[in-house]
Amino acid sequence: MRIYVSADMEGATGVVSALQTRSDHPAEYAFGCKMEFHDVMAVIEGAIEGGAKEILVNDSHARMINLDISGLPENVRLLSGTPKALGMVEGVEGYDGAFFTAYHAMSGTPLAVLDHTVSGATLYDVRLNGHLVGETGINGAVCAAFGVPVALVTGDAAVCREASGLLGENLVTCSVKEAHGNASADCFPPSRTRNLLREAAREATLRIASKRAPVQKISLPYELELTFKYSRQCDVVSYVPGVQRLDGRTVRMRGSDMVEMRRWINVATGLAGAVAL
Ligand SMILES: [Zn+2]
(Lines give C-alpha, C1' and ligand atoms only; values in the text may rest on other atoms or scores of the structure.)
Protein backbone atom coordinates (compact mmCIF):
# COMPACT_ATOMS: atom_id res chain seq x y z
CA MET A 1 0.00 0.00 0.00
CA ARG A 2 1.21 3.47 -0.91
CA ILE A 3 0.46 6.38 1.43
CA TYR A 4 0.79 10.10 0.68
CA VAL A 5 1.36 12.60 3.52
CA SER A 6 0.74 16.33 3.05
CA ALA A 7 2.56 17.88 6.01
CA ASP A 8 1.76 21.41 7.16
CA MET A 9 3.10 23.04 10.34
CA GLU A 10 0.45 25.23 12.02
CA GLY A 11 -1.43 22.20 13.36
CA ALA A 12 1.62 20.45 14.77
CA THR A 13 2.00 19.43 18.40
CA GLY A 14 2.65 22.48 20.59
CA VAL A 15 2.66 25.07 17.79
CA VAL A 16 0.47 28.06 18.66
CA SER A 17 2.24 31.19 17.36
CA ALA A 18 2.93 32.38 13.81
CA LEU A 19 6.52 33.03 14.95
CA GLN A 20 6.97 29.28 15.35
CA THR A 21 6.08 28.83 11.65
CA ARG A 22 8.22 31.61 10.18
CA SER A 23 11.83 31.16 9.12
CA ASP A 24 12.63 34.82 9.91
CA HIS A 25 12.31 33.97 13.60
CA PRO A 26 14.98 31.23 13.78
CA ALA A 27 14.67 30.22 17.42
CA GLU A 28 10.89 29.85 17.38
CA TYR A 29 10.91 28.38 13.84
CA ALA A 30 13.28 25.60 14.91
CA PHE A 31 10.59 24.43 17.32
CA GLY A 32 7.96 24.48 14.55
CA CYS A 33 10.18 22.37 12.27
CA LYS A 34 10.91 19.93 15.07
CA MET A 35 7.21 19.47 15.82
CA GLU A 36 6.16 19.17 12.13
CA PHE A 37 8.76 16.40 11.88
CA HIS A 38 7.59 14.81 15.12
CA ASP A 39 4.01 14.54 13.91
CA VAL A 40 5.07 13.26 10.48
CA MET A 41 7.23 10.55 12.05
CA ALA A 42 4.36 9.46 14.28
CA VAL A 43 1.98 8.97 11.35
CA ILE A 44 4.70 7.20 9.34
CA GLU A 45 5.10 4.70 12.17
CA GLY A 46 1.35 4.16 12.30
CA ALA A 47 1.07 3.78 8.54
CA ILE A 48 3.81 1.16 8.49
CA GLU A 49 2.12 -0.70 11.37
CA GLY A 50 -1.08 -0.62 9.32
CA GLY A 51 0.59 -2.16 6.28
CA ALA A 52 2.00 0.75 4.24
CA LYS A 53 4.97 -0.27 2.10
CA GLU A 54 5.76 3.05 0.48
CA ILE A 55 5.21 6.58 1.80
CA LEU A 56 5.70 9.96 0.13
CA VAL A 57 5.83 12.98 2.45
CA ASN A 58 5.16 16.34 0.78
CA ASP A 59 6.56 19.18 2.88
CA SER A 60 3.64 21.60 2.54
CA HIS A 61 4.37 24.62 4.70
CA ALA A 62 5.62 27.97 3.35
CA ARG A 63 9.02 27.42 1.66
CA MET A 64 8.40 23.66 1.92
CA ILE A 65 11.91 22.97 3.17
CA ASN A 66 11.06 22.45 6.83
CA LEU A 67 11.58 18.71 7.22
CA ASP A 68 15.01 17.16 7.82
CA ILE A 69 15.34 14.23 5.42
CA SER A 70 18.19 12.71 7.41
CA GLY A 71 15.76 11.33 9.98
CA LEU A 72 13.41 9.52 7.59
CA PRO A 73 13.21 5.71 7.28
CA GLU A 74 14.35 4.09 4.03
CA ASN A 75 10.87 3.35 2.65
CA VAL A 76 9.86 7.03 2.93
CA ARG A 77 10.58 9.69 0.30
CA LEU A 78 10.41 13.45 0.81
CA LEU A 79 8.97 15.87 -1.74
CA SER A 80 10.78 19.03 -0.74
CA GLY A 81 10.83 22.65 -1.91
CA THR A 82 8.61 25.03 -3.85
CA PRO A 83 7.15 26.03 -6.28
CA LYS A 84 5.24 22.85 -7.05
CA ALA A 85 2.30 23.00 -9.45
CA LEU A 86 -0.14 21.42 -7.01
CA GLY A 87 1.48 22.80 -3.88
CA MET A 88 0.36 20.90 -0.80
CA VAL A 89 -0.91 17.93 -2.86
CA GLU A 90 1.81 17.76 -5.50
CA GLY A 91 2.38 14.18 -6.59
CA VAL A 92 -0.70 12.70 -4.90
CA GLU A 93 -1.97 11.00 -8.09
CA GLY A 94 -1.80 7.22 -7.91
CA TYR A 95 -1.54 6.88 -4.11
CA ASP A 96 -3.93 4.58 -2.25
CA GLY A 97 -4.75 7.22 0.34
CA ALA A 98 -3.71 10.61 1.71
CA PHE A 99 -3.02 11.94 5.19
CA PHE A 100 -3.12 15.67 5.98
CA THR A 101 -0.92 16.29 9.03
CA ALA A 102 -0.56 19.41 11.19
CA TYR A 103 -3.31 21.15 9.22
CA HIS A 104 -5.20 24.25 10.41
CA ALA A 105 -8.78 25.44 10.07
CA MET A 106 -10.04 27.74 7.30
CA SER A 107 -9.80 31.52 7.61
CA GLY A 108 -12.36 33.02 9.94
CA THR A 109 -12.84 29.94 12.12
CA PRO A 110 -13.34 30.92 15.77
CA LEU A 111 -11.09 29.27 18.36
CA ALA A 112 -8.72 27.79 15.78
CA VAL A 113 -4.91 27.89 15.92
CA LEU A 114 -3.53 30.13 13.15
CA ASP A 115 -6.65 29.83 10.99
CA HIS A 116 -6.15 30.94 7.38
CA THR A 117 -6.73 29.67 3.85
CA VAL A 118 -3.65 29.26 1.63
CA SER A 119 -2.33 32.78 2.22
CA GLY A 120 -3.19 34.79 5.30
CA ALA A 121 -1.79 37.93 3.67
CA THR A 122 -3.98 37.80 0.58
CA LEU A 123 -7.06 35.58 0.89
CA TYR A 124 -10.02 36.50 3.06
CA ASP A 125 -11.93 33.37 2.12
CA VAL A 126 -12.42 30.75 -0.60
CA ARG A 127 -15.62 29.19 -1.92
CA LEU A 128 -15.71 26.00 -3.96
CA ASN A 129 -19.06 25.24 -5.63
CA GLY A 130 -20.70 27.72 -3.27
CA HIS A 131 -19.27 26.31 -0.03
CA LEU A 132 -16.62 27.95 2.13
CA VAL A 133 -13.53 25.77 2.13
CA GLY A 134 -10.15 25.75 3.79
CA GLU A 135 -7.01 23.93 2.77
CA THR A 136 -8.56 20.60 3.79
CA GLY A 137 -11.44 21.12 1.37
CA ILE A 138 -9.30 22.51 -1.46
CA ASN A 139 -6.67 19.77 -1.23
CA GLY A 140 -9.29 17.10 -0.60
CA ALA A 141 -10.99 18.12 -3.86
CA VAL A 142 -7.72 17.62 -5.75
CA CYS A 143 -7.31 14.21 -4.15
CA ALA A 144 -10.90 13.40 -5.17
CA ALA A 145 -10.16 14.35 -8.78
CA PHE A 146 -7.52 11.62 -8.78
CA GLY A 147 -9.81 9.20 -6.89
CA VAL A 148 -7.57 9.32 -3.82
CA PRO A 149 -9.34 9.10 -0.43
CA VAL A 150 -8.32 11.34 2.46
CA ALA A 151 -8.06 8.94 5.38
CA LEU A 152 -6.56 11.06 8.16
CA VAL A 153 -6.52 14.73 9.17
CA THR A 154 -4.49 15.89 12.17
CA GLY A 155 -4.14 19.31 13.81
CA ASP A 156 -6.13 21.26 16.37
CA ALA A 157 -9.67 20.35 17.38
CA ALA A 158 -11.10 22.98 15.01
CA VAL A 159 -9.56 21.53 11.84
CA CYS A 160 -10.61 18.06 12.95
CA ARG A 161 -14.22 19.28 13.22
CA GLU A 162 -13.97 21.03 9.84
CA ALA A 163 -12.57 17.89 8.19
CA SER A 164 -15.15 15.57 9.74
CA GLY A 165 -17.94 17.85 8.51
CA LEU A 166 -16.49 17.67 5.02
CA LEU A 167 -15.46 14.03 4.75
CA GLY A 168 -17.83 12.23 7.11
CA GLU A 169 -17.59 9.60 9.80
CA ASN A 170 -15.14 7.33 7.99
CA LEU A 171 -12.45 9.98 8.21
CA VAL A 172 -9.98 9.45 11.05
CA THR A 173 -8.97 12.65 12.85
CA CYS A 174 -6.42 13.27 15.58
CA SER A 175 -6.49 16.46 17.64
CA VAL A 176 -3.21 17.44 19.30
CA LYS A 177 -4.46 20.71 20.85
CA GLU A 178 -7.58 22.76 21.61
CA ALA A 179 -7.40 26.44 20.73
CA HIS A 180 -8.18 29.11 23.30
CA GLY A 181 -7.75 31.70 20.54
CA ASN A 182 -6.00 32.22 17.20
CA ALA A 183 -2.56 32.12 18.86
CA SER A 184 -3.11 30.14 22.05
CA ALA A 185 -4.03 26.56 22.79
CA ASP A 186 -4.19 23.83 25.41
CA CYS A 187 -1.65 21.35 23.99
CA PHE A 188 -0.89 17.69 24.60
CA PRO A 189 2.87 17.00 24.96
CA PRO A 190 4.73 15.11 22.20
CA SER A 191 5.01 12.05 24.42
CA ARG A 192 1.23 11.76 24.23
CA THR A 193 0.58 12.97 20.68
CA ARG A 194 3.10 10.51 19.27
CA ASN A 195 0.94 7.65 20.49
CA LEU A 196 -2.34 9.34 19.47
CA LEU A 197 -1.05 10.12 15.97
CA ARG A 198 0.50 6.70 15.48
CA GLU A 199 -2.70 4.90 16.46
CA ALA A 200 -4.83 7.23 14.28
CA ALA A 201 -2.55 6.64 11.28
CA ARG A 202 -2.65 2.89 11.80
CA GLU A 203 -6.45 2.95 11.84
CA ALA A 204 -6.57 5.26 8.81
CA THR A 205 -4.28 2.90 6.88
CA LEU A 206 -6.54 -0.04 7.71
CA ARG A 207 -9.52 1.94 6.42
CA ILE A 208 -7.70 2.63 3.16
CA ALA A 209 -6.92 -1.08 2.83
CA SER A 210 -10.58 -1.99 3.39
CA LYS A 211 -11.84 0.77 1.01
CA ARG A 212 -13.63 2.60 3.83
CA ALA A 213 -11.59 5.82 3.68
CA PRO A 214 -13.66 8.73 2.29
CA VAL A 215 -13.20 10.38 -1.10
CA GLN A 216 -14.44 13.97 -0.94
CA LYS A 217 -17.73 14.45 -2.75
CA ILE A 218 -17.73 17.25 -5.29
CA SER A 219 -19.62 17.69 -8.53
CA LEU A 220 -18.56 19.12 -11.89
CA PRO A 221 -18.16 21.78 -13.14
CA TYR A 222 -16.10 23.52 -10.49
CA GLU A 223 -16.83 27.09 -9.51
CA LEU A 224 -14.10 28.72 -7.49
CA GLU A 225 -14.52 32.12 -5.83
CA LEU A 226 -11.57 33.87 -4.21
CA THR A 227 -12.17 36.85 -1.93
CA PHE A 228 -9.06 38.90 -1.30
CA LYS A 229 -8.26 41.03 1.72
CA TYR A 230 -7.84 44.21 -0.33
CA SER A 231 -9.48 45.44 -3.52
CA ARG A 232 -6.11 46.30 -5.11
CA GLN A 233 -5.12 42.64 -4.79
CA CYS A 234 -8.36 41.76 -6.55
CA ASP A 235 -7.61 44.40 -9.22
CA VAL A 236 -4.51 42.60 -10.53
CA VAL A 237 -6.05 39.13 -10.39
CA SER A 238 -9.11 40.36 -12.32
CA TYR A 239 -6.82 41.37 -15.22
CA VAL A 240 -6.15 37.69 -16.00
CA PRO A 241 -8.15 36.63 -19.10
CA GLY A 242 -11.11 34.40 -18.26
CA VAL A 243 -11.51 35.73 -14.74
CA GLN A 244 -14.85 37.19 -13.75
CA ARG A 245 -14.89 39.90 -11.09
CA LEU A 246 -17.92 39.66 -8.80
CA ASP A 247 -17.31 42.60 -6.48
CA GLY A 248 -14.51 44.76 -5.11
CA ARG A 249 -12.65 41.88 -3.52
CA THR A 250 -13.96 38.71 -5.21
CA VAL A 251 -13.19 36.91 -8.49
CA ARG A 252 -14.69 33.74 -9.94
CA MET A 253 -13.23 31.02 -12.16
CA ARG A 254 -15.12 28.10 -13.65
CA GLY A 255 -13.70 24.88 -15.04
CA SER A 256 -13.97 21.12 -15.16
CA ASP A 257 -10.39 20.32 -14.15
CA MET A 258 -9.61 20.44 -10.42
CA VAL A 259 -5.88 20.39 -11.12
CA GLU A 260 -6.30 23.61 -13.09
CA MET A 261 -8.39 25.08 -10.26
CA ARG A 262 -5.68 24.26 -7.73
CA ARG A 263 -3.03 25.82 -9.94
CA TRP A 264 -5.22 28.86 -10.34
CA ILE A 265 -5.34 29.39 -6.57
CA ASN A 266 -1.54 29.41 -6.45
CA VAL A 267 -1.26 31.80 -9.39
CA ALA A 268 -3.91 34.16 -8.03
CA THR A 269 -2.42 34.31 -4.53
CA GLY A 270 1.04 34.84 -6.05
CA LEU A 271 -0.22 37.76 -8.12
CA ALA A 272 -2.17 39.25 -5.23
CA GLY A 273 0.80 38.81 -2.90
CA ALA A 274 3.02 40.79 -5.25
CA VAL A 275 0.88 43.91 -4.93
CA ALA A 276 2.39 46.51 -2.61
CA LEU A 277 0.13 47.08 0.39
ZN1 LIG B 1 1.34 26.15 6.79
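The structure contained in this document is the topic of the report that follows. (Residues numbered from 1 in each chain as written. Predicted model: local features only at pLDDT ≥ 70, side-chain atom pairs only at ≥ 80, totals over all residues. Heavy atoms only, no water.)

1. Topic: the pattern of salt bridges
Moving on, step 1. One pass over the structure, following the stated rule, counts 14 salt bridges.
Moving on, step 2. Across the pair Glu225 and Arg252 runs a salt bridge whose closest N-O atoms are separated by 3.6 Å. Taken together, the residues span a long stretch of sequence, with Glu225 in strand 10 (residues 222-228) and Arg252 in strand 12 (residues 250-255) at a distance of 27 residues.
Moving on, step 3. The buried category is assigned to Glu225, whose relative accessible area is 16%.
Moving on, step 4. The partner of Asp235 in a salt bridge is Arg245, with the nearest N and O atoms 2.8 Å apart. Pair noted here: Asp235 is in helix 5 (residues 231-238) and Arg245 is in strand 11 (residues 244-245), with a separation of ten residues, a long-range link.
Moving on, step 5. Residue classification places Arg245 among the partly exposed positions, given a relative accessible area of 34%.
Moving on, step 6. Here the residues in one salt-bridge network are Glu45, Glu49, Arg194 and Arg198, joined through shared partners. (Salt bridge = Lys/Arg side-chain N within 4 Å of Asp/Glu carboxyl O. Helix = DSSP H or I, 4+ residues; strand = E, 2+ residues; numbered from the N terminus. Buried < 20%, exposed > 50% of the residue type's maximum accessible area, 1.4 Å probe, protein only.)

2. Quick look at the environment of Thr154
Moving on, step 1. Here Thr154 is to be found in strand 7 (residues 150-156).
Moving on, step 2. Along the sequence, Thr154 and Val43 sit 111 residues apart, while their C-alpha atoms lie 9.5 Å from each other.
Moving on, step 3. Filtering out sequence-adjacent residues up to four positions away, Thr154 remains in contact with Phe100, Thr101, Ala102, Tyr103, Val159, Cys174 and Leu197.
Moving on, step 4. Within the local environment of Thr154, its side chain forms a polar contact with the backbone nitrogen of Ala102, the two atoms lying 2.9 Å apart. (Contact = heavy atoms within 4.5 Å. Polar contact = N/O pair within 3.5 Å; in protein donor to acceptor, adjacent residues only side chain to side chain.)

3. Quick look at the packing of aromatic side chains
Moving on, step 1. Applying the stated criterion across every chain, the model contains two aromatic pairs.
Moving on, step 2. Between the aromatic rings of Phe100 and Tyr103, the centroid separation amounts to 4.7 Å while the plane-to-plane angle is 10°, which identifies the pairing as stacked.
Moving on, step 3. A residue is classified by how much of its surface remains accessible, and Phe100, at 0% relative accessible area, is buried.
Moving on, step 4. Using a relative accessible area of 0% as the deciding quantity, one classes Tyr103 as buried.
Moving on, step 5. The ring centre of Tyr95 lies 4.2 Å from the NZ or CZ of Arg2, which sits over that ring.
Moving on, step 6. Note that Arg249 overlies the ring of Tyr124, its terminal NZ or CZ placed 4.9 Å from the centroid. (Phe/Tyr/Trp six-rings, centres within 6.5 Å; stacked < 30°, edge-to-face > 60°. Lys NZ or Arg CZ within 6 Å of the ring centre and 35° of its normal.)

Function cannot be read off these values alone, since they describe shape.
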